[in-house]
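So the chains spell out like this:
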Amino acid sequence: MKIICTKENLHKGLFVASKSVDQKGSLPILSTVLLEAKNGLVKLSSTNLETGIVCFFGGIIKEEGRFAVPAKIFSDYIANLPTEKVEILGKNDLLTISSGSFKAEIKTLPSDEFPLMPKVKSEAVFSLSGAVFKKVLAKIIFAATPDDSRPEISGVCLDVKGDEIKGVATDGYRLAEGILETTQKAS
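All of these numbers come straight from a predicted model, not from anything done at the bench.

A. Structural context of the overall build of the protein chain. Assigned secondary structure in the protein chain consists of three helices and 12 strands. Relative to the globule expectation of 16 Å for 187 residues, the C-alpha radius of gyration of the protein chain, 20 Å, shows a markedly less compact shape. The dimensions of the protein chain, computed from C-alpha atoms along their principal axes, are 55 × 35 × 30 Å. For the protein chain, buried positions account for 34% of its 187 residues.

B. Representation of the sheet that holds strand β4 (residues 52-58) in the model. Pairing within the open sheet is antiparallel, and its four strands lie in the order β4-β3-β2-β6. Each edge of the sheet is formed by a strand with only one pairing partner; in this case those strands are β4 and β6 (65-70). Ignoring which end each strand starts from, the neighbouring axes of this sheet average 20 degrees apart. Pairing geometry for strand β2 (residues 32-38) and β6, over six bridges, is antiparallel. Pairing of Val-33 across the sheet is with Val-69, part of β6. Across the face of the sheet, helix α1 (residues 7-17) comes into contact with β2, β3 (41-47) and β4 while running at roughly 170 degrees to β4. Here helix α2 (residues 71-79) sits on the sheet and contacts β2 and β6; the angle it forms with β6, its principal contact strand, is near 95 degrees.

C. How the structure looks around the side chain of Thr-108. Among the secondary structure elements, Thr-108 is positioned in the loop between β9 (102-107) and α3 (130-140). The class for Thr-108 is buried, based on a relative accessible area of 7%. In this structure Thr-108 touches Phe-67, Ala-68, Val-69, Asp-93, Leu-94 and Leu-95, once residues within four positions along its chain are discounted.

D. Looking closely at unusual backbone geometry. Notably, Asn-39 is not glycine yet its phi reads approximately 55 degrees, a positive angle. Within the secondary structure, Asn-39 sits in the loop between β2 and β3. Judged by relative accessible area, which is 64%, Asn-39 ranks as exposed.

E. Structural context of the environment of Cys-55. Along the chain, Cys-55 falls in strand β4. Taking relative accessible area as the criterion, Cys-55 reaches 13% and is therefore assigned buried. Measuring from C-alpha to C-alpha, the distance between Cys-55 and Ser-45 comes to 6.6 Å, with 10 residues separating the pair along the chain.

F. Summary view of the pairing of strand β8 (residues 94-99). Sheet topology places strand β7 (residues 85-91) next to β8; five bridges connect them, and they run antiparallel. Each residue of the ladder has a partner; that of Lys-91, found in β8, is Leu-94. Connecting β7 to the next strand, β8, in antiparallel fashion are two residues, including Asn-92 with a positive phi near 55 degrees. Across six bridges, the pairing between β8 and β9 is antiparallel. When the bridges of β9 are listed, Ser-99 appears paired with Phe-102.

G. Region of the structure containing the environment of Asp-112. By the element assignment, Asp-112 lies in the loop between β9 and α3. The spacing of Asp-112 and Ala-68 is 44 residues in sequence and 8.5 Å in space, taken between C-alpha atoms.

H. Expanded view of the packing of α1 against α2. At a closest axis distance of 10 Å, the pairing of α1 and α2 adopts a crossing angle of 145 degrees. As for the relative orientation of α1 and α2, their crossing is left-handed in sense. Touching Lys-7, Leu-10, His-11 and Leu-14 of α1 are Phe-74, Ser-75, Ile-78 and Ala-79, all from α2.

I. Region of the structure containing the state of the cysteines. In this structure the tally under the stated criterion is zero disulfides. With no disulfide partner, Cys-5 has as its closest neighbouring cysteine sulfur the one in Cys-55, 12 Å distant.

Cut-offs used in this document
- Residues numbered from 1 in each chain as written.
- Predicted model: local features only at pLDDT ≥ 70, side-chain atom pairs only at ≥ 80, totals over all residues.
- Heavy atoms only, no water.
- Helix = DSSP H or I, 4+ residues; strand = E, 2+ residues; numbered from the N terminus.
- Rg over C-alpha atoms; globule rule 2.2 N^0.38 Å.
- Buried < 20%, exposed > 50% of the residue type's maximum accessible area, 1.4 Å probe, protein only.
- Pairing = 2+ DSSP bridges.
- Axes fitted to C-alpha atoms, helices over the stretch in contact; angles between N-to-C directions.
- Contact = heavy atoms within 4.5 Å.
- Left-handed = near helix turned anticlockwise from the far one by under 90°.
- Disulfide = S-S within 2.5 Å.

The following block contains the structure:
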């Protein structure tokens, strides 16, 4: 594999993809980001077997390939590079990253061990403007708990039926519900 891309695009992609990397290290492959170069796009994938993130960005693909790179080491190194152009060369189980006068080699894991990511249907089931979505969230977000120790109630539940959007949030003491009528029908 051989890729040339900007540090900014790579860093942003790693920042997004690293959100679902398994930090606890139950399986070594889950602490990696799958770096793929194909069809003129660079694809970064990560999963903790519950959530998965895939993001794409453009780059110059001179040779296609895929490598499972330790996410923390890769992300930290890219974040500390001072120059803009990054060249990534992958051979066997080694990823070589060059930028200006800086060069590093990172040992990778076998990419075929990386869990398969499910295919997401690309058809839109429901579309909504950002302003309308913000209106629903503004009514209920105050009741969601900011405490990460209780992840089951740290989010907002949205239910879309027909032309109605219902949102609910709680922190264990407060319960908030917001209902918004829209002109669009959900399928």
